[in-house]
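Okay, here's what each chain looks like letter by letter:
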Amino acid sequence: MGQENSKSNNTLDPNGFQKPMEKNIKDQILSLPQYTLEQVAQHNQPTDAWIIINGLVFDITQYQHAHPGGSKIIFAKAGQDGSDDFEALKHSQRAKEKLKTLCVGRLAK
Ligand code: HEM
């Protein structure tokens, strides 16, 4: 029984179908509040700026001023979908890690 348990819950198994860590991330995403494009579009002010990247919604109100690419270029996408720009500019892993800390929701389907 103990053996069965460790098999189905084995984080170290590279062939594991549903690793607990992955399931956790999926659950976290699903539990985020959902916003429509129209709702996100309201957040297009310097003091209240959101951006969509790959189906997730990020609050860049504070971060826009710290953005290494400059505040102007990122703010230009406030209230909009910035996925194409974010991907085209080949943002680093560091940038993707930063994104995680700014997430406030997901785009409603
Ligand atoms: C919340 C979303 C974003 C985050 C967290 C972010 C983060 C970063 C970071 C950390 C860098 C430094 C280089 C790197 O590590 O890749 C960077 C550079 C840059 N970003 Fe962003 N970025 C975001 C959105 C955007 C958007 C939407 C645009 C364009 C509309 C943009 C344009 C740029 C440009 C032009 C650079 C400079 C590239 C260079 O000098 O080589 N970023 N960004």
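You'll find the structure just up there.
Residues numbered from 1 in each chain as written. Predicted model: local features only at pLDDT ≥ 70, side-chain atom pairs only at ≥ 80, totals over all residues.

Some thoughts on the nonpolar core
Part 1 of the argument: Within the largest apolar cluster, twelve residues are counted, these being Val-40, Ala-49, Trp-50, Ile-51, Ile-52, Ile-53, Val-57, Phe-58, Ile-60, Ile-74, Ala-78 and Phe-86.
Part 2 of the argument: Of all elements in the fold, only strand S3 (48–53) and strand S4 (56–59) reach the threshold of two or more residues within this core.
Part 3 of the argument: If one sorts the elements of this core by residue count, S3 sits on top with five residues.
Part 4 of the argument: The contacts of Val-40, once residues within four sequence positions are left out, are Tyr-35, Trp-50, Ile-52, Val-57 and Gly-79. (Core = buried A, V, L, I, M, F, W, Y, C linked by C-beta atoms within 7 Å. Buried ≥ 20, exposed ≤ 12 C-beta atoms within 10 Å, placed from the backbone. Helix = DSSP H or I, 4+ residues; strand = E, 2+ residues; numbered from the N terminus. Contact = placed C-beta atoms within 7 Å.)

As for the pairing of S4
Part 1 of the argument: Bridge count between S3 and S4: four bridges; the pairing is antiparallel. Within S4, the residue paired with Ile-51 across the bridge is Phe-58.
Part 2 of the argument: Where S3 folds back on S4, the antiparallel hairpin that results is connected by two residues, among which Asn-54 adopts a positive phi of roughly 50 degrees.
Part 3 of the argument: In terms of strand pairing, S4 meets strand S5 (residues 103–107) through three bridges, oriented antiparallel. (Pairing = 2+ DSSP bridges.)

Some thoughts on the site of the ligand
Part 1 of the argument: What surrounds the ligand is a group of 22 residues, the closest being Pro-68, Gly-69, Gly-82, Asp-85 and Ser-92.
Part 2 of the argument: Of all the elements in the fold, those that place two or more residues in the shell around the ligand are S3, helix H4 (71–75), helix H5 (83–88) and helix H6 (93–102).
Part 3 of the argument: No other element matches the five residues that H6 contributes to the shell around the ligand.
Part 4 of the argument: For the shell around the ligand, the per-class residue count stands at 13 nonpolar, five polar and four charged. (Near = placed C-beta within 6 Å. Nonpolar A, V, L, I, M, F, W, Y, C, P; charged D, E, K, R; others polar.)

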